[in-house]
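Listed here are the chains, written in short residue letters.
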Amino acid sequence: MVTIRDVAMHAGVSPATVSRVVNGLVGYSEETRERVEEAVRKLSYETDSLARGLKTRQTSVIGLLAPMVSDALASQVMQGVEEEAQERGYAVMLGRTGAKSAYIASYLRTLRTYRAAGVILVSAVIKPEIRQLLGPTIPVISVAISDKSGSPSVAIDDEKAAYDATRHLLKLGHRRIGLLAGNPESVFVAQPRQRGYLRAMAEAKCEPVTASGTFFYESGAPGLDLLLQQDPGLTAIFAVSDEMAAAVVNELQKRGRRVPEDVSVLGFDNTSTALHVHPPLSTMAQPLEEMGRMAVKKLLRSRDLGPRIMPHKLIERGSTAPPGAQPPYPHT
């Protein structure tokens, strides 16, 4: 059977370019389009993925489902997934399902009908019902979350990342550090991040101050209220998502508090949101695009579906400084 790589070699282009041409996307010259179309005709390349799937029992479609995650985080994972998939001659079917199980089930049934090459879940654990809906032959992997059971995943060590984030604030000299945590029902993300914060605070013999949010922007201001009710003199706040951290920065400034001179704010994820506030957020970065790429690679090497822990990294920007620091802000 003629493959997309055969067409790419014949036309003198990459498989990603062939995929863009046959799927009607942009990003190539008219001369390139003509070469690809000529190669398709000459080699009798069958571009309909469903038709190919009926013969091979697998299509060149990868499902990407985002059940309950911020647009900023999902878009960065998606970029990595799409780039890697296109380079390998696969198309991506995106499903933004919210928290509605009926929507998730509908997408999974569609992907099973199309005999998808695999399914990627963003910030969602692989539950038994997901495997049941997909059937036994379609591999599935989660990104930006790990249930620690050894199931297929690409994620960071959330507890260690939160520990390192809190340690950074402690090294700057902060001792009154509040945590704006995620939804306490988030067993595999919010709870590990809270454990990391609590461990660092306990080692430093500092009193923890915590409140729960939802990971989303709207929970930032109410979460800040809860933290300040417990300790009005907090000098630093660690929010476990950039969206909540951005909301905290904006709300503090509305109340006349300067960031970072009066209160330092540290986020988590290093999404585009971190750059859309003033000052820009210091944040604990997940390599989201790289994680998306890695998920595709692991899916297509179906024997390599164990968990993969990716490195996290602290990104220092203008929202953190030692307590009471004035510009320029020294960092330890």
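Residues numbered from 1 in each chain as written. Predicted model: local features only at pLDDT ≥ 70, side-chain atom pairs only at ≥ 80, totals over all residues. Heavy atoms only, no water.

Under an unreviewed UniProt entry, the chain has the name Bacterial regulatory s, lacI family protein and belongs to Pseudarthrobacter siccitolerans.

Trainee: So what exactly am I meant to see when it comes to empty space enclosed by the protein here?
Mentor: Unfilled space is identified by rolling a water-sized probe across the atoms. In this structure the tally under the stated criterion is one cavity of 30 Å³ or more. Space inside the largest cavity adds up to approximately 40 Å³. Considering the residues around the largest cavity, the lining is formed by Ser 146, Lys 148, Ile 156, Asp 158, Glu 159, Phe 188 and Pro 192. A breakdown of the residues in the lining of the largest cavity according to their chemical character gives three nonpolar, one polar and three charged. (1 Å grid on protein atoms, 1.4 Å probe; cavity = no way out; pocket = protein on both sides within 12 Å on 5 of 7 lines; lining within 4 Å. Points joined across faces, edges and corners; volume = space filled by probe spheres on them. Nonpolar A, V, L, I, M, F, W, Y, C, P; charged D, E, K, R; others polar.)

Trainee: Which parts of the structure should I look at to understand the environment of Gly 213?
Mentor: Position of Gly 213 among the secondary structure elements: in the loop between β7 (209-212) and α10 (220-230). Here the alpha-carbon distance between Gly 213 and Gly 182, two residues 31 residues apart in the chain, equals 4.8 Å. Ignoring anything within four residues of it in the chain, the contact list for Gly 213 reads Leu 180, Ala 181, Gly 182, Asn 183, Ser 219 and Met 244. (Helix = DSSP H or I, 4+ residues; strand = E, 2+ residues; numbered from the N terminus. Contact = heavy atoms within 4.5 Å.)

Trainee: Even after reading the chapter, I still don't get the sheet that holds β7, so can you show me in this structure?
Mentor: Whether parallel or antiparallel, the strands of a sheet pair through hydrogen bonds between backbone atoms. Strand order across the open sheet formed by six strands is β7-β6-β8-β9-β10-β12, with mixed pairing between neighbours. The sheet terminates laterally at β7 and β12 (313-315), the two strands that pair on one side only. Adjacent strand axes in the sheet meet at a mean angle of 20° when their direction is disregarded. Sheet topology note: the strand β9 (residues 264-269)/strand β10 (residues 282-285) ladder contains four bridges and is parallel. (Pairing = 2+ DSSP bridges. Axes fitted to C-alpha atoms, helices over the stretch in contact; angles between N-to-C directions.)

Trainee: Please explain the pattern of salt bridges as it appears in this structure.
Mentor: Pairs can form between side chains of opposite charge whenever their charged atoms are close. Taken as a whole and judged by the stated rule, the model has 16 salt bridges. Across the pair Arg 293 and Glu 83 runs a salt bridge whose closest N-O atoms are separated by 3.2 Å. Taken together, the residues Arg 293 in helix α12 (residues 288-300) and Glu 83 in helix α5 (residues 71-87) connect sequence positions 210 residues apart. On the accessibility criterion, Arg 293 (22% relative accessible area) is partly exposed. Between Arg 293 and Glu 87 there is a salt bridge; the shortest N-O distance is 3.0 Å. Separated by 206 residues along the polypeptide, Arg 293 in helix α12 and Glu 87 in helix α5 bring together distant segments of the chain. Residues participating in the shared-partner salt-bridge network are Glu 83, Glu 84, Glu 87, Arg 88 and Arg 293. (Salt bridge = Lys/Arg side-chain N within 4 Å of Asp/Glu carboxyl O. Buried < 20%, exposed > 50% of the residue type's maximum accessible area, 1.4 Å probe, protein only.)

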